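These are the residues of each chain, in order.
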Amino acid sequence: MQTPSGHPVAATSPESTRQARLVVLASGGGSNLAALLAAHDDVAYGARVVGVVSDKPDAGALTLAQDAGVASVVVAPKDFTDRAAWNDGVAEAVAVFRPDYVVLAGFMRILAPSFVDRFAGRIVNTHPALLPSFPGAHGVRDALAHGVRVTGCTVHVVDSGVDTGPIIAQAAVPVADDDDEASLHERIKVAERALLVETVGRVAREGLRIEGRRAIVG
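What you see is a predicted model, and the numbers here were worked out from it, not measured in a lab. (Residues numbered from 1 in each chain as written. Predicted model: local features only at pLDDT ≥ 70, side-chain atom pairs only at ≥ 80, totals over all residues. Heavy atoms only, no water.)

**Student:** Summarise the confidence of the model for the protein; cite the residues concerned and give the values.
**Tutor:** Summing up the model confidence of the protein, the mean pLDDT is 91 and the portion of residues at 70 or higher is 92%. Taken as a whole, residues 1-17 scores under 50 in pLDDT and shows 31 contacts with residues more than four places along the chain or in a different chain. (pLDDT = per-residue confidence, 0-100. Contact = heavy atoms within 4.5 Å.)

This is the structure in structure tokens:
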């Protein structure tokens, strides 16, 4: 586990201490993280990113965290003896920040059931399709290949399956006749960022409970 230097936790005011604490897991450039960071300075939003955890030391999300004064940690698989040890390392890194919610924002690894159990009911993920249709790593490609006229994005609670957790919110995105995977994915990303910010804020302000297959905010 490596902690990049010079990443102090952002100072908080008495008002902001009442905001829900978010830890964001990201593997890439961090466009979803950027959207959350843009929202979290408004106390009325109800949530604040207090930590970023990445599996890649060169992830753009780490730069975004540094620029925002948010603490970040790299938990690279190569630094661990096996996948189980790595998963435990991720869980410990997240736990240090005492999160109310864990947000997976472009985190490209599957977390073990032990991680999910530790933060059960508090892990939120986004997926670029309208679940339960087209789960997995190629949701945009699969939807396009299937010939759907409408796809979209989903914010859901993470369980021990792959994109199988209770759905919190969804947004539809029409498929154009001339779409390819890249063009469709770009439009989905725009909807996804907006939906994630809105949904995480609602969850932080109103709370989240799970009743069977239903994720209920409020």
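Don't stop here, the text continues.
**Student:** Go over the layout of surface pockets with me, naming the residues and quoting the values.
**Tutor:** In this structure, the largest pocket spans a volume of roughly 930 Å³. In this structure, the largest pocket is lined by 36 residues; those nearest its centre are Gly106, Phe107, Met108, Asn125 and Thr126. Those elements that provide at least two residues to the lining of the largest pocket are helix H1 (31-40), helix H4 (113-118), strand S5 (123-127), helix H5 (139-146) and helix H6 (181-206). For the lining of the largest pocket, the per-class residue count stands at 13 nonpolar, 16 polar and seven charged. (1 Å grid on protein atoms, 1.4 Å probe; cavity = no way out; pocket = protein on both sides within 12 Å on 5 of 7 lines; lining within 4 Å. Points joined across faces, edges and corners; volume = space filled by probe spheres on them. Helix = DSSP H or I, 4+ residues; strand = E, 2+ residues; numbered from the N terminus. Nonpolar A, V, L, I, M, F, W, Y, C, P; charged D, E, K, R; others polar.)

**Student:** Describe H1, naming the residues involved and giving the relevant values.
**Tutor:** Burial runs high along H1: seven of the 10 residues are buried. Those residues of H1 that sit buried are Asn32, Leu33, Ala35, Leu36, Leu37, Ala39 and His40. If you follow the buried residues of H1, they end up packed against strand S1 (20-25), strand S2 (47-54), helix H2 (60-68), strand S4 (101-104), S5 and H6. (Buried < 20%, exposed > 50% of the residue type's maximum accessible area, 1.4 Å probe, protein only.)

**Student:** An account of the packing of aromatic side chains is needed here, citing residue identities and associated values.
**Tutor:** Under the defined criterion, the tally for this structure stands at two aromatic pairs. Where phenylalanine 115 meets phenylalanine 119, the ring centres are 5.0 Å apart and the plane angle is 50 degrees; that geometry is what we call tilted. We note that phenylalanine 115, like phenylalanine 119, is buried. For the cation-ring pair, arginine 109 lies above tryptophan 86, with the distance from its terminal atom to the ring centre recorded as 5.9 Å. (Phe/Tyr/Trp six-rings, centres within 6.5 Å; stacked < 30°, edge-to-face > 60°. Lys NZ or Arg CZ within 6 Å of the ring centre and 35° of its normal.)

**Student:** Mind laying out unusual backbone geometry, listing which residues take part and the relevant values?
**Tutor:** Residues leucine 131 and proline 132 are joined by a peptide bond in cis, for which omega reads 10 degrees. In this structure, proline 132 sits in the loop between S5 and H5. A positive phi is found at arginine 98, a non-glycine position, where the angle reads about 50 degrees. Along the polypeptide, arginine 98 turns up in the loop between helix H3 (83-96) and S4. Residues other than glycine seldom take positive phi values, yet phenylalanine 134 does so here, at roughly 55 degrees. You can see phenylalanine 134 is positioned in the loop between S5 and H5.

**Student:** Provide a residue-level description of the pattern of salt bridges, including the pertinent values.
**Tutor:** Scanning all chains against the criterion turns up nine salt bridges. Here glutamate 92 makes a salt bridge to arginine 118, at a shortest N to O gap of 2.7 Å. Of the two residues, glutamate 92 sits in helix H3 while arginine 118 sits in helix H4, which places them 26 residues apart along the sequence. The class of glutamate 92 is partly exposed, set by a relative accessible area of 44%. (Salt bridge = Lys/Arg side-chain N within 4 Å of Asp/Glu carboxyl O.)

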